[in-house]
Amino acid sequence: MIKMILNADVKKGRINKNIYGHFAEHLGRCIYEGFWVGKDSPIPNTDGIRDDVVEALRKVKVPVLRWPGGCFADEYHWRDGIGPYESRPKTINTHWGGVVENNHFGTHEYFRLCELLGADAYITGNVGSGTVRELREWIEYITFDGDSSLANLRRANGREKPWKLPYVGIGNENWGCGGNMRPEYYADLFRQYATYVRNFSGNRIYKIACGPSDANYHWTEVLMREAGRYMDGLSLHYYTVPGTWQKKGSATQFDEREWFVTLKKTLMMDELITKHSTIMDRYDPEKRVGLIVDEWGTWYDVEPGTNPGFLYQQNTLRDALVAGINLNIFNNHCDRVHMANLAQTVNVLQAMILTEGEKMIVTPTYHVFDMYKVHQDAQLLSLEFTSSLYSYGDEGIPQVSASASEDDHGKIHISLCNLDPNTVADIRCELRGTRRTRVSGTILTSSEMNAHNTFDEPNAVKPVAFSDAALVDNVLEVKLPSKSVVVLTLE
Ligand code: AHR
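Note that the structure is a prediction, hence the values are computed from the model and not measured.

What counts, and at which threshold
- Residues numbered from 1 in each chain as written.
- Predicted model: local features only at pLDDT ≥ 70, side-chain atom pairs only at ≥ 80, totals over all residues.
- Heavy atoms only, no water.
- Helix = DSSP H or I, 4+ residues; strand = E, 2+ residues; numbered from the N terminus.
- Buried < 20%, exposed > 50% of the residue type's maximum accessible area, 1.4 Å probe, protein only.
- Polar contact = N/O pair within 3.5 Å; in protein donor to acceptor, adjacent residues only side chain to side chain.
- Contact = heavy atoms within 4.5 Å.
- Near = heavy atom within 4 Å.
- Areas by Shrake-Rupley, 256 points an atom, 1.4 Å probe, with all protein chains shown as cover.
- Nonpolar A, V, L, I, M, F, W, Y, C, P; charged D, E, K, R; others polar.
- Pairing = 2+ DSSP bridges.
- Axes fitted to C-alpha atoms, helices over the stretch in contact; angles between N-to-C directions.
- Disulfide = S-S within 2.5 Å.

Points about the side chain of arginine 29
Okay, so step 1: With respect to the secondary-structure elements, arginine 29 resides in the loop between β2 (21–23) and β3 (45–46).
Okay, so step 2: Looking at arginine 29, the relative accessible area reads 18%, which means it is buried.
Okay, so step 3: Side chain to side chain, arginine 29 and glutamate 33 meet in a polar contact 3.2 Å long.
Okay, so step 4: When neighbours within four sequence positions are excluded, arginine 29 is seen to be in contact with Gly34, Phe310, Tyr312, Val346, Asn347, Val348 and Thr355.

Structure below.
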């Protein structure tokens, strides 16, 4: 029996809706085929953007969409992606399969996509192989309302009014694919670039510095020390890789050992955020600077027979658990984590959506985002508990991951994950500081750890109503099935 105490009168801050953000790179079939099919495609589209994908993503309320990369961003030149399609240059996507990029999806298409999704824009500028001037001019092109040549070029290309551009990343992984820089060098470059990322025509830009990967605490230390006062956010990238980078493991063919290792590695996210935040606290005790986890998710071997540079992988119930655990961690760290972006939205890594020609399916990960959307912009509540252990071999990890929030309508939402694929978790949660009489819920689970949706069986894994929760004298009793994600609402 796991005993929990929910202190509904102890509010721990707002869960920024941007924690439920996404990332779409020019990589494999994410942008091309996934979002963009072109205006002449027989696949139903609006201005070249797939209607089915937009409709599915609108349902989960995508708050922000990061683009154009990733590694791609540090070799992207925005002028290649404006103007008539026939005059856009063909370039090489050196990072992802060496394929030819026709630049048909560029700035105008991206902002149209954001409009259709109702999402905020988050562009990543080219620091690795670009110039300060190039980034400064891109921002003028996007946001300036007056009579400048660049704003007039935007108008000539079909957009009269400037767009809203709230978030700009200054480079991506500049310790690696973004230029192999040392933190001292990048910190200075960041300061230089950030100076010229201007706020035109009332647009206010939140500037995100390239942060560390995994446990590179030295990078965080140097960036905060040398450039902390010039930034609004510092990124963090952490992927769940069950095996090694050489042999990561299959997305669908795995045993319980790999299930256990995957979830154990996912729980590392909590330690990483805690330790990077501790460094940030020394330089920024008011927590003004956000930790922006703008790449996270599972990374497996590609599906057999697919292009290794396209990072196409299936998505099972295990990925649903990874998503549920990470989102609980982000919620519980909402004082410092201001945004997170799942990698990547369509057809790449831990995708929300998979497409094949005109067909489209949603993944178990998608369903978790749908279930958890109730936390967006809600108040995080104090939820105290010590979990029982899920043991495998001679190792153990917490069996249950959880977070709780109260929304603007006074409804309380508790998201629970049972990491153990074999054992039910009995939970008894005492409610303090509130009186509730009604509980309802939704569950995502299956009898198989590797259950997943396919184009032939698109609804093999989907959420259903959950009835094993009861409220008795203000105590919530839950029988949380093995390998499940559950979201409860208390009224
Ligand atoms: O998401 C795939 C790649 O992973 C991104 O391009 C890069 O930033 C990271 O290494």
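Re the site of the ligand
Okay, so step 1: Taken together, 13 residues form the shell around the ligand, and within it Glu25, Cys71, Glu173, Tyr239 and Glu295 come nearest.
Okay, so step 2: Asparagine 172 is positioned with one of its side-chain polar atoms (N or O) 3.0 Å from an oxygen atom of the ligand.
Okay, so step 3: Between the ligand and glutamate 173, the relevant distance is 2.7 Å, taken from an oxygen atom to a side-chain nitrogen or oxygen of the residue.
Okay, so step 4: Alone, the ligand offers 280 Å² of accessible surface; in the complex the protein occludes 94% of this.
Okay, so step 5: Here the shell around the ligand is built from residues that sort into seven nonpolar, three polar and three charged.

Here's the deal with the sheet that holds strand β22 (residues 439–444)
Okay, so step 1: Spatial ordering of the open sheet is given by β23-β22-β26-β20-β19-β16-β1-β21-β25-β24, a layout of 10 strands whose pairing is mixed. The strands lining the two open edges of the sheet, one partner per strand, are β23 (464–465) and β24 (469–472).
Okay, so step 2: Alignment of β24 against strand β25 (residues 475–480), held across four bridges, turns out to be antiparallel. Within β25, the residue paired with alanine 470 across the bridge is glutamate 477.
Okay, so step 3: Taken strand by strand, helix α8 (residues 317–332) contacts β16 (379–385), β19 (400–406), β20 (412–418), β22 and β26 (484–490), and its axis lies near 50° from that of β19.

Brief notes about the state of the cysteines
Okay, so step 1: This structure, assessed with the given rule, holds one disulfide.
Okay, so step 2: One disulfide bridge connects cysteine 71 with cysteine 177, the sulfur atoms lying 2.2 Å from each other. A torsion of -90° about the S-S bond marks the disulfide between cysteine 71 and cysteine 177 as left-handed. Of this pair, cysteine 71 sits in the loop between β5 (64–67) and β6 (91–93) while cysteine 177 sits in the loop between β9 (167–170) and α5 (183–196), and the two are 106 residues apart along the sequence.
Okay, so step 3: On the accessibility criterion, cysteine 177 (28% relative accessible area) is partly exposed.
Okay, so step 4: As a non-bridged cysteine, cysteine 417 has cysteine 429 as the owner of its nearest cysteine sulfur, 15 Å distant.
Okay, so step 5: Using a relative accessible area of 0% as the deciding quantity, one classes cysteine 429 as buried.

A look at unusual backbone geometry
Okay, so step 1: Residues tryptophan 67 and proline 68 are joined by a peptide bond in cis, for which omega reads 5°.
Okay, so step 2: As for its position among the elements, proline 68 is in the loop between β5 and β6.
Okay, so step 3: Cis geometry marks the peptide bond from alanine 343 to glutamine 344, where omega comes out at -10°.
Okay, so step 4: Position of glutamine 344 among the secondary structure elements: in the loop between β13 (337–343) and β14 (353–356).
Okay, so step 5: Backbone geometry at serine 201 places phi at a positive 50°, although glycine is not the residue there.
Okay, so step 6: Relative to the assigned elements, serine 201 resides in the loop between α5 and β10 (206–209).
Okay, so step 7: Despite not being glycine, lysine 287 shows a phi value in the positive range, around 60°.
Okay, so step 8: Position of lysine 287 among the secondary structure elements: in the loop between α7 (256–283) and β12 (290–298).
Okay, so step 9: Under the relative-accessibility criterion, lysine 287 is labelled partly exposed at 25%.

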